[in-house]
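# An overview of the molecular structure
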Amino acid sequence: MSTSQEQMRRLLAMVPFLQSRPGVAVSEVATAFDITEKQVVADINLLFLCGLPGGMPDDLIEVDMDAVEGEGVIHLSNADYLTRPLRFTRDEAVSLVVALSTVSELAAGQVQAAALSAAQKLSAVTGHEDPVWLAMRTGDDRIREDLVAAIEQGRRVQLTYDGASRGETTRPLVDPVGIQLRDSVAYLQAWSLDRAAWRTYRVDRIAEVAVTDAAIEDHGAVPELAEGWFDSSDGEVTLELDATAAWITEYYPMRRVQRPATPGESTVATLAVADPLWLQSLLLRLGAGVRVREPEDAADAAARAAREALALTEQVCRSLD
Amino acid sequence: MAPRKTERLLNLTIMLLSSRRYVPRERIREVVEGYHGLSEEAFLRMFERDKDELRELGIPIDTGSNDAFFDDEIGYRISRRDYELPAVEFTPEEATVLGLAATVWQQASAAEETTHALAKLRAAGIEPDASRLTALAPRLTAREESFAPLWQAVIARQVVEFSYRDSAESRTIEPWRLAFRSNSWYLLGHDRTRQAPRLFKLARISSPVKLLGKPDAFTAPTDAAIGDHFERLTTPENDLDTVLAIRGDRAPTLRRRGTPCDSPVALPPGFAAYRVPLASQGAVAEIASHGPDVIVVAPPALRAEVLAHLRGVLAAHEPQPKGGVR
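The structure contained in this document is the topic of the report that follows. Residue positions within a chain follow its written sequence, with the count starting from 1. Chain letters start at A and ligand numbers start at 1, both assigned in the order the entries are written. At least 70 in pLDDT is required for a residue's local features to be given in this predicted model, at least 80 for side-chain atom pairs to be given and counted, and no such filter applies to totals for whole chains, interfaces and linings, which use all residues. To get the side-chain values, all heavy atoms of the structure are used, and hydrogens and water are removed first.

## So, the overall build of chain B
This is how it is decided: Helix and strand assignments follow DSSP, with helices taken as H or I runs no shorter than four residues and strands as E runs no shorter than two, numbered in order from the N terminus. Radius of gyration here uses only the C-alpha atoms, and the compact-globule reference equals 2.2 Å multiplied by the residue count raised to the power 0.38. Here a residue-residue contact requires only that any non-hydrogen atoms of the pair lie within 4.5 Å. Areas reported as accessible are Shrake-Rupley estimates using a 1.4 Å probe. Residue values count occlusion only from the protein chains shown. Lys and Arg are tallied as positive, Asp and Glu as negative. Neither His nor the chain termini are counted. Every charge is mapped onto a representative atom, which is NZ of Lys, CZ of Arg, CG of Asp or CD of Glu.
Along the backbone of chain B there are 11 helices and 13 strands. Taking 326 residues into account, the globule formula puts the C-alpha radius of gyration at 20 Å, and chain B, at 31 Å, lies well above it. If you line up chain B on its principal axes, its C-alpha atoms span 95 × 50 × 50 Å. Within chain B, residue pairs in contact and separated by at least 24 positions form 58% of the contacts whose partners lie at least 6 positions apart. Carbon and sulfur atoms make up 49% of the accessible area of chain B, which amounts to about 15,800 Å² in all. Here chain B holds 43 positive side-chain charges and 45 negative ones, and the gap between their average locations is 6 Å.

## Some thoughts on the side chain of arginine 21 of chain A
We count it as follows: Exposure categories follow from relative accessible area, calculated using a 1.4 Å probe and restricted to protein chains: below 20% of the type maximum is buried, above 50% is exposed, and the middle band is partly exposed. Under this definition, polar contacts are N or O atom pairs within 3.5 Å; protein pairs additionally need one hydrogen-donor-capable and one acceptor-capable atom, and for neighbouring residues in sequence, both atoms have to be side-chain atoms.
Mapped onto the fold, arginine 21 of chain A is located in the loop between helix 1 (3–19) and strand 1 (24–25). You can call arginine 21 of chain A buried: its relative accessible area is 9%. A distance of 2.9 Å separates polar atoms of two side chains, one belonging to arginine 21 of chain A and the other to glutamate 127 of chain B. For arginine 21 of chain A, the contacting residues outside a window of four places in its chain are Ile74 of chain A together with Arg122, Gly125, Ile126 and Glu127 of chain B.

## Side note on the interface of chain B and chain A
Formally: Defined here as a combined quantity, buried area equals the accessible surface (1.4 Å probe) lost by two parts on assembly, summed across both. Only one rule defines a salt bridge in this text: a Lys or Arg side-chain nitrogen within 4 Å of an Asp or Glu carboxyl oxygen. Here, any two strands with at least 2 DSSP bridges between them count as paired.
In this complex, chain B contributes 128 residues to the contact, which on the side of chain A involves 117 residues. Its largest share of buried area at the contact with chain A, chain B owes to Leu57, Lys120 and His317 of chain B, together 7% of the area lost on that side. Viewed at the interface, chain A and chain B are joined by 8 salt bridges. The partner of arginine 9 of chain A in a salt bridge is glutamate 113 of chain B, and the shortest N-O contact between them spans 2.8 Å. Summed over the shared surface of chain B and chain A, the number is 43 residue pairs in polar contact (both at pLDDT 80 or more). Sorting elements by how many residues they give to the side of chain B that touches chain A places helix 1 (residues 2–18) of chain B first, with 13 residues. Judged from the 2 bridges that link them, strand 8 (residues 173–182) of chain A and strand 4 (residues 136–137) of chain B form a sheet pairing that is parallel. Following the sheet pairing, glutamine 180 of chain A is matched in strand 4 of chain B by alanine 137 of chain B.

## Overview of the pattern of salt bridges
In the structure shown here, the tally under the stated rule is 38 salt bridges over all chains. Of the charged contacts in the structure, one is a salt bridge between arginine 285 of chain A and glutamate 286 of chain B, with a shortest N-O distance of 3.8 Å. Of the two residues, arginine 285 of chain A is situated in helix 9 (residues 276–286) and glutamate 286 of chain B in helix 10 (residues 283–288); the pairing between them involves two chains. Aspartate 50 of chain B is the partner of arginine 8 of chain B in a salt bridge, and the nearest nitrogen-oxygen pair spans 2.7 Å. Taken as a pair, arginine 8 of chain B in helix 1 and aspartate 50 of chain B in helix 3 (residues 40–56) lie far apart in primary sequence, 42 residues in all.

## Quick look at the pairing of strand 7 (residues 184–191) of chain B
Residues and elements named next belong to chain B. Most of strand 7 is tucked away, with 7 of its 8 residues classed as buried. Sheet topology places strand 6 (residues 170–181) next to strand 7; 8 bridges connect them, and they run antiparallel. Each bridged residue has a counterpart across the sheet, and for phenylalanine 180 the counterpart in strand 7 is tryptophan 185. Between strand 6 and strand 7, which pair antiparallel in sequence order, lie 2 residues; one of them, serine 182, sits at a positive phi of approximately 50 degrees. What sits between strand 7 and strand 8 (residues 196–201) in their antiparallel hairpin is a turn of 4 residues, with glutamine 195 showing a positive phi close to 55 degrees.

If you want it as structure tokens, here you go:
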């Protein structure tokens, strides 16, 4: 899109925006349109030159430039032909509707209902359907609703949590602060009282939420759950993956991936490991499709677990065969 | 110069929007300042380009004639009804959610389009504001390079061409839907090459995506029909009836899918038996990932596969015979 197209697109929204908010501050316009205040003034200076054909002063859009320069507020008039914004393009309508569906996936209760009804109103106005399907792992609506309520009321909760890496159910007592959607999975961010540290819990592994009477305490700033949130862990492992195991490079955040130059060779992937038990479980899952390049002892635990599982199964099931 | 050009585009838009009648090209040339002093050829070229740019922004410029008898008098106008965003009202709760929606997209082009959509809503007097909803942070990402062109193609219903899984063969697809699941984007569409519905993982598209032909080139099946295809192509059936022995509160993902049952054999202390329906695809890897916490009691064929898989783990990580390194 050309520079003047970008500017046109903005001005066509700005003229009705300003007319519906007489005396709006330049700074507020800058925030709403995500541009600098300098650009707002440049836009205003341009609008001032536009209007109906004829070239008479009456024909042009009027702006009180003294108010802009003095108090930093905008009064725009004489633009009755542009009191409504332009219709949505398909791309705008669909982007916003999909964003609303994403909100509804993560939200619960009233917020979820509001996201769904807003999306319906937009689809009705724009006539564009939602061409995207989201299959998010956000757990039970009831669990999210309990968590959001606890966060809003500032209450400590006890989770019943089916830990993934350890493969066992625990009951951590936590101070919940937020629910985030990352890579199609919902995570609860909370301060773990047992660990005395910030922890992230997958919402779909929370089987129960028991709200306690205790108020949550201030534990300082919440670390940003950034896209590469595994980066905070210090363990790193490099794996050689054959074709049956290479899917993990698309599934988990990777630090480095070296794809095979010719088909048949291995993919070499380096990834962060927050918990050695997670790696053990991954290696057991991938079976013969993976070799550990470094560190050398990274697969010891998985091999031990495999040996143990073989022995146990053979012992227990001997009578069945 | 961009400001001069923006001025011309805006004046042209205002003029066509304010006129009830079709405005002939010569009249446009006379009254829009930016067209003054150009040769006929330069004017025509500039006017054509301007019209294209306005249409790209979604401005509906009509072409027509005021007089049914003299069709040589071709002119232009913008119908207010087609131009303006229809009236739409949102409750305060919906406005809050719209504000939150503004923060969802992490993919650049969709994020930008969302911003523009919200600017239009603000221009219609709506105040999206998410400051009340601090507990929720929904995010939607698309890292695949093929996402942006396929998004365009799905929205515009335009046919695409690409190659898949490093094969040299190029596939021609009518793109129906994009789907996001398990942290990956998928495209569901009609594969003209295979003459059947197919599901493609965007991460495995191995060539740039080419958009072919014009928009609205095909009709996608109904939502329900697409849903059926999608289900069939993605959901493995729970075709295995298994009995698993699970240690204590371990392996919750399997345990919660099952129901407690009696075991035909004596189990080690701390183990309990569950009847768990599973899809045969992926069942072996899933069970093996729990190591000695899960024992397959039945069926025997599944047990044999899990044992073979575990022997594969051992073989893969056996210390390499190179002079006693460890």
